Amino acid sequence: MAVAKDMLIGRRRGPSPRSALPGAEKSIRVPFLGGVHAAVSNITLFHLDVGDDSALRLGDSGPYHDSRSSFLFLVPTVPETWLLCSGLVVVASGVSANISMAWSYSYDSWYFGPLQISDSGTASILVQGMEVGITMEIKNYNGSLALNVSQCGCYVKDLEISLDGGASWFYQGSINAFEDDIRAAVEKVVPENIIGSTSKLDSFLQGLPRSVSLDNITALNMTFMNDPQYGNSSIEFDINGLFTSAVAKTSNLQKHPQLSLSCGGASNMLLLSLDETVFSSALDVYYKAGSMHWVVDKVSDQSLLNTAGWKFIIPRLYRSYPNDDMVLNILMASSPIMWITSENIGATINADMIIDVLHGTETVPVACISVVVSASGVVEASGNKVYGRFELNDFSLSLKWSKIGNFHMSLIQGVIRVFLNTACMPYLNSQLGHGFILPVVHGFILKDVYMITSTKQLTLCSDITFANVSSLASLPVL
């Protein structure tokens, strides 16, 4: 939540837009002196400075009481009337402000006859110990996030008015009588400005992409599925997370089961839980796009790709095509299936391996073998990507069709095992080495990432940092 605090509170340091406050007048009659009229005008709030005593709270909050521990973070006491909602609560404490204004003072008295005495000047006001709080609620609206302000309040503790011009020392006491008016004006204008500014954050949330294209084939469905869930120190967002075709419209808004989010008791800024169906959906998109096709014409033991190497395994192959080179045309028979357990992550791959013989100028398909592979491995994260590394567990073979006669799979099982371990698994790992992009908001980088696997889901635990601190200027400011 430190990042959210920096975004919502920390960047208020420095110059702020000027705000005009209403003026005030007071007229009284003083014995022996006559009618006295004082006024303050052109009151302008032109600088806010947020101190380090700022806090952010998530979840249900009852009335704000004098006991600091009841609010789960330390802030000075403020009236208990302005925090009564659930959602995202941001409190800025120790805020100071600078205000400029003009003052005037006049009186008439029988002592001076018809002559009116007047004076005027300017004043600077230092507002100290101000607390500003806002309670916001984020809701899911048709797959996007909408933000509403439930409450917003401001409490001014101290005002220090310094007069300039005229006989300011003489009128200081009278001008101090406007403290309550100025305090009330500040406590009214500041919340109004903050509420008006939240529309920028609301537009930012509603403008988050519903789909993120990863390449010209796949896109990640980023629609939100449920209302955010508020914890003591975190917000949980459920997104669809499935991979779809890059040319398909994102319209999948059905409810998904609630995932369990836990980092084993550790405190991290980000917990990202990925169901195994997310990985399977990515593989399914690539499968349907025809991208899972691999032609093998080079292996570490090149004799495997010549009919002479099969002379004693499939004699008819060698007799029909002596000393001809071969290529293996591997196609997925169905989309690979991912599975996740508490011990590891794995996949079941069902492929057709067609043996093509390069006979003269012709490419002759001579047999098709169905290969079902079970592999398992580990996943790692670096930056905003997840990478995998797999090893062969087991495999099974069956002959789908043949032009070189029927042959038993047990005869070629040893050769296929060597091929899978020396060619297929390294190729698979090289592809997984490119990584899957994680659904992290643009401009952030994961830091100190570690993974936890459980039944059917992978949980990523991480802190996050800004990719470019200067890019914060483009984010909305409250």
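Here the structure is a predicted model, which is why all the values come from computation and not from measurement.

Engineer: Provide a residue-level description of the pattern of salt bridges, including the pertinent values.
Structural biologist: Applying the stated criterion to the full structure yields eight salt bridges. The residue Lys 288 makes a salt bridge to Asp 284 at a minimum N-O spacing of 3.2 Å. With Lys 288 and Asp 284 both in helix H4 (residues 276-288) and four residues apart, the pair spans about one turn of that helix. Taking the relative accessible area as the measure of exposure, Lys 288 reaches 66% and is therefore exposed. On the accessibility criterion, Asp 284 (24% relative accessible area) is partly exposed. The residue Glu 380 makes a salt bridge to Arg 389 at a minimum N-O spacing of 3.6 Å. Here Glu 380 falls in the partly exposed class, since its relative accessible area comes to 44%. Given a relative accessible area of 46%, Arg 389 falls into the partly exposed group. Each of the salt bridges in this network shares a partner with another, and the network as a whole consists of Glu 137, Lys 139 and Asp 227.

Engineer: With reference to specific residues and values, describe the nonpolar core.
Structural biologist: One broad trend across soluble globular proteins is that nonpolar side chains are buried collectively. Residues Leu 317, Val 366, Ile 369, Ile 412 and Phe 419 are the most contacted members of the largest nonpolar core, which totals 58 residues. The element that contributes the greatest number of residues to this core is helix H6 (residues 409-432), accounting for ten residues. Every residue in contact with Ile 412, bar those within four places of it in the chain, is listed here: Trp 310, Ile 313, Ile 314, Ile 369, Leu 397 and Phe 407. Counting 45 residues, the second-largest nonpolar core is a separate cluster that includes Leu 21, Ala 38, Val 132 and Phe 178.

Engineer: Break down the side chain of Ser 281 for me, with residues and values.
Structural biologist: Considering the arrangement of structural elements, one finds Ser 281 in helix H4. Excluding anything up to four places from it in sequence, Ser 281 contacts Leu 242 and Phe 243.

Engineer: Which residues make up the pairing of strand S20 (residues 385-402), and what values go with them?
Structural biologist: Alignment of strand S19 (residues 362-382) against S20, held across 16 bridges, turns out to be antiparallel. When the sheet's bridge partners are listed, Ser 376 is paired in S20 with Glu 391. Between S19 and the antiparallel strand that follows it, S20, lie two residues; Gly 383 among them carries a positive phi value of about 65 degrees. Alignment of S20 against strand S21 (residues 436-437), held across two bridges, turns out to be antiparallel. Residue pairing across strands places Val 386 opposite Phe 436, the latter belonging to S21.

Engineer: An account of the side chain of Asp 238 is requested, with residue identities and associated values reported.
Structural biologist: Residue placement: Asp 238 occurs in the loop between strand S12 (235-236) and strand S13 (243-245). Accessibility expressed as a relative area gives 15% for Asp 238, which makes it buried. At 3.0 Å, the side chain of Asp 238 forms a polar contact with the side chain of Asn 226.

Engineer: Residue-level account of the sheet that holds strand S10 (residues 218-221), with values.
Structural biologist: The sheet built from three strands is open, its strands ordered S9-S10-S13 with antiparallel pairing. Since the sheet does not close on itself, it has two edges, and those belong to strand S9 (211-213) and S13, each with one partner. Taken pair by pair, the neighbouring strands of this sheet meet at an average axis angle of 35 degrees, ignoring direction. Judged from the three bridges that link them, S10 and S13 form a sheet pairing that is antiparallel. Bridging across to S13, Ala 219 finds its partner in Thr 244. Running at roughly 20 degrees to S13, H4 makes contact with S10 and S13 of the sheet.

Basis of the calculations
- Residues numbered from 1 in each chain as written.
- Predicted model: local features only at pLDDT ≥ 70, side-chain atom pairs only at ≥ 80, totals over all residues.
- Heavy atoms only, no water.
- Salt bridge = Lys/Arg side-chain N within 4 Å of Asp/Glu carboxyl O.
- Helix = DSSP H or I, 4+ residues; strand = E, 2+ residues; numbered from the N terminus.
- Buried < 20%, exposed > 50% of the residue type's maximum accessible area, 1.4 Å probe, protein only.
- Core = buried A, V, L, I, M, F, W, Y, C linked by side-chain atoms within 4.5 Å.
- Contact = heavy atoms within 4.5 Å.
- Pairing = 2+ DSSP bridges.
- Polar contact = N/O pair within 3.5 Å; in protein donor to acceptor, adjacent residues only side chain to side chain.
- Axes fitted to C-alpha atoms, helices over the stretch in contact; angles between N-to-C directions.

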